[in-house]
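A closer look at the structure
Chain by chain, the residues:
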Amino acid sequence: MGICTSSPTTTRRVGGRQASAKVIHVDGRLQEFPVPVKAGHVVSQNPSCFLSCSESMFLNSSAPRVADSEELQLGQIYFLVPLAHADNPLSLPDICSLAVKASAALAVAPIASSLPRKGLRPGCRSNIHPDWDQTIPARGNRGVKS
């Protein structure tokens, strides 16, 4: 998706906030790591998934795995991808679904640690994407409750 940058320093700031490695879970939950952690640590807590960096995801290519021994880079966005999709090339709907999921997770990021949230902001209707088990805005109403 190519919109993030990384830095080897642990004190990097983005928009006045300390940068963190962001992991978007299959259910749309955002997990932030303010210090570098090994990918294997995240994967060990999610054994049916693998990690893929948003910067390495391309249309019509399978999502590349981040090696368990690799440290997550601050400022990067990572997705937990179900192992069942390891060899499937990413389609345009897949990439769009991941982008919507990341956008929704990042939109609630400042309050994510204080409130139990899942998927889209309250008041938004959602559908579950059949191939990725991800929350995406409902068609026709652009995610707005009628």
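This one's a predicted model, so the numbers in the text were calculated from it and none came from an experiment.

1. Section: the confidence of the model for the protein chain
Close inspection of predicted coordinates is inappropriate for parts of the model with low pLDDT. Per-residue confidence for the protein chain gives a mean pLDDT of 75; residues scoring 70 or more make up 62%. Considering only residues more than four positions removed or in separate chains, one finds that residues 111-146, a stretch of pLDDT under 50, has 63 contacts.

2. Section: the pattern of salt bridges
By the definition in use, this model includes two salt bridges. Between E32 and K22 there is a salt bridge, with the nearest N and O atoms lying 3.5 Å from each other. With E32 in strand β4 (residues 30-33) and K22 in strand β3 (residues 21-24), this residue pair connects regions lying ten residues apart in the sequence. Put simply, R29 and D27 hold a salt bridge, and the shortest N to O gap is 3.9 Å.

3. Digging into the sheet that holds β4
Taken together, four strands build an open sheet; the order of strands is β4-β3-β6-β5 and the sheet is mixed. Each having just a single partner strand, β4 and β5 (49-53) make up the two edges of the open sheet. Looking at each pair of strands side by side, their axes are set apart by 25° on average, direction ignored. Sheet topology note: the β3/strand β6 (residues 77-82) ladder contains three bridges and is parallel. Within the sheet, the bridge partner assigned to I24 lies in β6 and is F79. Across the sheet, helix α2 (residues 92-107) touches β3, β4 and β6, and the angle it forms with β3 is around 120°.

4. A word on the nonpolar core
Of all hydrophobic cores here, the largest spans 15 residues; its most connected members are V23, F33, V42, L51, L72, Y78 and L80. Within the residue set of this core, elements represented by two or more residues are β3, α1 (39-44), β5 and β6. The residues contacting Y78, other than those within four sequence positions of it, are A21, K22, V23, I24, L51, S52, C53, V66, E71, L72 and Q73. Listed in part, the 14 residues of the second largest apolar core include F79, A86, I95 and A102.

Cut-offs and rules
Residues numbered from 1 in each chain as written. Predicted model: local features only at pLDDT ≥ 70, side-chain atom pairs only at ≥ 80, totals over all residues. Heavy atoms only, no water. pLDDT = per-residue confidence, 0-100. Contact = heavy atoms within 4.5 Å. Salt bridge = Lys/Arg side-chain N within 4 Å of Asp/Glu carboxyl O. Helix = DSSP H or I, 4+ residues; strand = E, 2+ residues; numbered from the N terminus. Pairing = 2+ DSSP bridges. Axes fitted to C-alpha atoms, helices over the stretch in contact; angles between N-to-C directions. Core = buried A, V, L, I, M, F, W, Y, C linked by side-chain atoms within 4.5 Å. Buried < 20%, exposed > 50% of the residue type's maximum accessible area, 1.4 Å probe, protein only.

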